[in-house]
Amino acid sequence: GQTDALLLRRLELGLLDHAGFRPALTECAVCGVELVDQRSIEAGPSDSGSRNDREPSDDAIGFDAQRGGALCSQHRMGAGGRPPRQLALATALLEGRTAELRDLSPRDRRGLRDLCQLLIRPHLRSELKSLALLSQLTRQGALGPAIVPE
């Protein structure tokens, strides 16, 4: 369920951190300027990003996984964007503040999943086809209860 999905996201972010690839979620990955107000978690559910990843919405924070994560306005040119709430949720998860993440909306859960996949992708030599296969089998009910969160 939701708890399993959060544990998986925490594991993914923790592995990135332990491998030396801790994503910049609260500061610019290039210059280090502070970006995210951690109180964003208290806001309502957010979009999982702009519709066109190359044209972030006005409230989105610049984001490029290949450059290390969040980007300030000076360094975001050509980058996609992520909602501030999504980055705050990922930060809380990475820091083990899971009590703040109870009862996340499906949109927030999908946003965290997409963010983690986006962060992991630059460090892989090829696409993880097993994720798509497990997701497909879960949707078809072939694996019993859902083990791969949406």
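Every residue gets a number counted from 1 within its own chain, in the order that chain's sequence is written. Per-residue local features are limited, in this predicted model, to residues with pLDDT of at least 70; the limit for side-chain atom pairs, both in listing and counting, is 80 or more; totals at the level of whole chains, interfaces and linings are taken over all residues. Calculation of side-chain values draws on the structure's entire complement of heavy atoms; hydrogens and water are dropped beforehand.

A. Focus on the overall build of the protein chain. Strands are runs of DSSP state E lasting at least two residues, helices are runs of H or I lasting at least four, and both sets are numbered from the N terminus onward. Scanning the protein chain from N- to C-terminus turns up four helices and three strands. The N-to-C order of helical and strand elements in the protein chain reads α-β-β-β-α-α-α. Within the span of the protein chain, comprising 150 residues, buried residues form 39% of the whole. Intrachain contacts of the protein chain at a sequence separation of at least 6 include 67% that bridge at least 24 residues. Reported accessibility uses the Shrake-Rupley method at a 1.4 Å probe radius. Residues are deemed covered only where the shown protein chains occlude them. If you sum the accessible surface of the protein chain, you get close to 8900 Å²; carbon and sulfur atoms cover 50% of it. Accessibility here uses a 1.4 Å probe with only protein chains present; expressed as a share of the type maximum, an area under 20% marks a residue as buried, one over 50% as exposed, and anything in between as partly exposed. Note on contacts: a residue pair is in contact if any heavy atoms of the two residues lie within 4.5 Å.

B. View of helix α3 (residues 106-120). Under the convention used throughout, the expected extent of a helix is 1.5 Å for every residue step, that is, one less than its residue count. End to end, α3 covers 21 Å across 15 residues, agreeing with the expected 21 Å (1.5 Å per residue, within 8%). Three or more residues of α3 are buried, namely D108, G111, L112, R113, L115, C116, L119 and I120.

C. Focus on the pairing of strand β1 (residues 61-64). Side chains I61 and F63 project from β1 onto one buried face, and the interleaved G62 and D64 project onto a second face that is buried too. Pairing between β1 and strand β3 (residues 80-82): three bridges, direction antiparallel. In the sheet register, F63 faces β3, and the bridge partner there is G80. One bridge is not enough; two strands pair if DSSP finds at least two bridges between them. Summarising the sheet, β1 and strand β2 (residues 69-71) pair through three bridges and their orientation is antiparallel. Residue pairing for β2: D64 is matched across the bridge by G69. In this structure, the hairpin formed by β1 and β2 is closed by a connection of four residues, where G68 is found at a positive phi of approximately 110°.

D. Expanded view of the pattern of salt bridges. Here, a salt bridge means any side-chain nitrogen of Lys or Arg that lies within 4 Å of a carboxyl oxygen of Asp or Glu. Summed over the entire model, instances satisfying the criterion amount to seven salt bridges. In this structure, R67 engages D64 in a salt bridge whose closest nitrogen and oxygen atoms are separated by 3.2 Å. The exposure class assigned to R67 is partly exposed, which follows from its relative accessible area of 35%. Relative accessible area serves as the criterion here: at 19%, D64 is assigned to the buried category. A salt bridge links E95 to R97; its shortest N-O distance comes to 2.9 Å.

E. Local environment of the sheet that holds β2. Strand order across the open sheet formed by three strands is β2-β1-β3, with antiparallel pairing between neighbours. With one partner strand each, in any of the chains shown, β2 and β3 form the two edges of the open sheet. Each neighbouring strand pair of the sheet contributes to a mean axis angle of 55°, computed without reference to strand direction. Running over the sheet, α3 touches β1 and β3 and is turned about 135° from β3. Geometry is summarised by axes, namely lines fitted to C-alpha atoms with helices restricted to the contacting stretch, and by angles between N-to-C directions that run from 0 to 180 degrees.

F. Quick look at the packing of helix α2 (residues 84-94) against α3. Two elements in contact, α2 and α3, have axes separated by 10 Å at closest approach and are oriented at 75°. Judged on the interaxial angle alone, α3 and α2 are roughly perpendicular. Where α2 abuts α3, its residues R85, Q86, L87, L89 and A90 lie against D108, G111, L112 and L115. Side-chain classes are defined by residue name, with Ala, Val, Leu, Ile, Met, Phe, Trp, Tyr, Cys and Pro counting as nonpolar, Asp, Glu, Lys and Arg as charged, and the others, Gly among them, as polar. Considered class by class, the residues forming the contact of α2 with α3 number five nonpolar, two polar and two charged. In this scheme, roughly parallel covers angles under 35 degrees and roughly antiparallel covers those over 145, while 65 to 115 is roughly perpendicular and the rest are oblique.

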